[in-house]
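Read off the chains here:
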Amino acid sequence: MKIFNNISLLLFFPVLLFSCSEDKLDQESIFVDKKVEQNELDKYIEKTYTNDYNIAILYKFVEKESDLDYNLSPASYESSVRMTKLLFHLGIDPYNKITGSKKFIKSYFPKLLNYIGSPAYRNNGTFVLGTAEGGVKITLYLLNKLDESTGKDVEFLNFYYFHTMHHEFAHILHQTKGYPASFEQITGAGYVGDSWNDIYEEESAAEAGFISPYASKEPNEDFVETYSYYITLSPTQWNQRISSGGVEGKALIEAKLDIVRTYFQNIWNIDLDELRDEILARQADLANFDQTSLN
């Protein structure tokens with residue numbers, strides 16, 4: 001019986017092949033490239049970011065581009081529109097203005113921006129505001145807190161988004177061309193690694209010579225924190241922050257700022273004070289900036 005079944009199968013198999021061979025060869029393929037219609041935000045991204053800078057923006061949740069260690073949710077369309085416009089106005093165009101061309105951003109700014117609607121919570125109760133990966137991607141979290149009210153709140157925007165963006169961009173720049181080793185030596189014994197959140201608050205960090213508690217983690221974080229706080233805070237806010245550390249702490253932070261300022265001037269031909277002035281002027285005019293129109 002077993003032999004008979006095998007023979008039957010062999011006899012039947014050519015019939016299947018023959019049946020398949022009878023299909024019409026001129027039938028339309030089932031594998032059709034369907035052109036996805038662009039919405040207004042897609043068109044704006046292509047025109048403003050992709051054509052000039054070769055930058056792509058993922059505002060529709062893409063799982064493989066997201067960190068699977070966290071429970072995350074997509075950014076809303078409205079918040080994505082606001083962030084896309086604000087990012088260019090406060091984060092990209094100031095560099096164009098100061099450097100005199102689009103070349104700097106086109107050469108060094110990450111080529112992929114990834115929007116996440118929710119925060120990414122760590123086990124210690126803190127949450128990630130942004131990440132940079134290999135100089136090619138920046139992910140910004142918590143976009144769904146961005147609305148008509150918060151979109152004009154400079155302190156909110158800096159805390160949740162733009163301090164992070166400049167922080168991550170500065171990482172890319174110093175990884176491309178390193179800063180002087182003398183920076184690390186200013187508070188060399190003070191770096192505490194991942195214990196920064198348990199050891200320091202803002203005032204105690206300033207007393208130890210760090211612009212923020214996170215700056216005490218290690219020299220690279222210290223460098224980019226010093227940079228990103230300086231260019232997003234007003235002179236009054238900056239002075240209040242570093243003065244909270246007393247005479248000694250203030251002197252240490254100012255010594256670090258001198259190195260950061262010289263590095264950006266000599267390596268990137270960027271005057272930090274001019275860049276800060278440009279950013280602050282745009283921050284001051286946010287009430288008049290249209291965050292929703294994509295025309």
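Note that the coordinates shown come from a computational prediction; the quantities given were computed from them, not determined experimentally.

**Here's the deal with the environment of Arg261**
Link 1 in the chain: Locating Arg261 in the fold gives a position in helix α11 (residues 246-268).
Link 2 in the chain: Sequence separation between Arg261 and Tyr230 is 31 residues, and the spatial gap between their C-alpha atoms is 9.8 Å.
Link 3 in the chain: Sequence-distant contacts of Arg261, defined by excluding residues within four places in its chain, comprise Tyr230, Leu272 and Asp273.
Link 4 in the chain: One polar contact links Arg261 to Asp258, side chain to side chain, over a distance of 3.4 Å.

**Regarding the layout of surface pockets**
Link 1 in the chain: Considered as a void within the structure, the second largest pocket measures approximately 210 Å³ in volume.
Link 2 in the chain: In terms of lining, the second largest pocket is formed by 11 residues, of which the most central are Gln38, Asp42, Ile45, Ile57 and Tyr59.
Link 3 in the chain: Going through the elements one at a time, α2 (40-53) and β1 (56-58) are the ones with two or more residues in the lining of the second largest pocket.
Link 4 in the chain: With 4 residues, the single largest contributor to the lining of the second largest pocket is α2.
Link 5 in the chain: Along the lines of polarity and charge, the residues of the lining of the second largest pocket split into 5 nonpolar, 2 polar and 4 charged.

**Description of the pairing of strand β2 (residues 112-115)**
Link 1 in the chain: In β2, alternate side chains face the same way, and those of Leu112 and Asn114 on one face and Leu113 and Tyr115 on the other are all buried.
Link 2 in the chain: Pairing of β1 with β2 involves 3 bridges; the strand directions are parallel. Bridge pairing in β2 links Ala56 to Leu112.

**What to know about the packing of aromatic side chains**
Link 1 in the chain: Evaluated as defined, the whole model comprises 25 aromatic pairs.
Link 2 in the chain: Here Phe159 and Tyr160 contribute two aromatic rings whose centre-to-centre distance is 4.8 Å and whose plane-to-plane angle is 85°, an arrangement assigned as edge-to-face.
Link 3 in the chain: A relative accessible area of 16% places Tyr160 in the buried class.
Link 4 in the chain: Note on Phe223 and Tyr263: the rings are 5.3 Å apart at their centroids and 85° apart in plane angle, and the pair reads as edge-to-face. Here Phe223 is found in helix α9 (residues 219-232), whereas its partner Tyr263 is found in helix α11, with 40 residues between them in sequence.
Link 5 in the chain: Given a relative accessible area of 3%, Tyr263 falls into the buried group.
Link 6 in the chain: Site record: aromatic cluster; members linked through ring pairs are Tyr95, Phe104, Tyr108, Phe109, Phe169 and Trp268.
Link 7 in the chain: Across the ring face of Tyr229, the terminal group of Arg241 is positioned such that the distance to the ring centre comes to 4.2 Å.
Link 8 in the chain: Residue placement shows Arg276 over the ring face of Tyr230; its charged tip is 4.1 Å from the ring centre.

**Some words on the side chain of Thr48**
Link 1 in the chain: Examined against the element boundaries, Thr48 turns out to sit in helix α2.
Link 2 in the chain: Look past the residues within four positions of Thr48 in its chain and what remains in contact with it is Tyr53 and Phe88.

**Points about the packing of helix α5 (residues 154-176) against α9**
Link 1 in the chain: Direction vectors running N to C along α5 and α9 enclose 130°, while the axes themselves pass 8 Å from each other. Judged by the angle between their axes, α5 and α9 are oblique. α9 is crossed by α5, and the crossing has right-handed handedness. For the pair α5 and α9, the contacting residues are Asn158, Phe162, His163, His166, His167, Ala170, His171 and His174 in the first and Asn220, Glu221, Phe223, Val224, Glu225, Tyr227, Ser228, Tyr229, Ile231 and Thr232 in the second.

Conventions used here
- Residues numbered from 1 in each chain as written.
- Predicted model: local features only at pLDDT ≥ 70, side-chain atom pairs only at ≥ 80, totals over all residues.
- Heavy atoms only, no water.
- Helix = DSSP H or I, 4+ residues; strand = E, 2+ residues; numbered from the N terminus.
- Contact = heavy atoms within 4.5 Å.
- Polar contact = N/O pair within 3.5 Å; in protein donor to acceptor, adjacent residues only side chain to side chain.
- 1 Å grid on protein atoms, 1.4 Å probe; cavity = no way out; pocket = protein on both sides within 12 Å on 5 of 7 lines; lining within 4 Å.
- Points joined across faces, edges and corners; volume = space filled by probe spheres on them.
- Nonpolar A, V, L, I, M, F, W, Y, C, P; charged D, E, K, R; others polar.
- Buried < 20%, exposed > 50% of the residue type's maximum accessible area, 1.4 Å probe, protein only.
- Pairing = 2+ DSSP bridges.
- Phe/Tyr/Trp six-rings, centres within 6.5 Å; stacked < 30°, edge-to-face > 60°.
- Lys NZ or Arg CZ within 6 Å of the ring centre and 35° of its normal.
- Axes fitted to C-alpha atoms, helices over the stretch in contact; angles between N-to-C directions.
- Parallel < 35°, antiparallel > 145°, perpendicular 65-115°, else oblique.
- Left-handed = near helix turned anticlockwise from the far one by under 90°.

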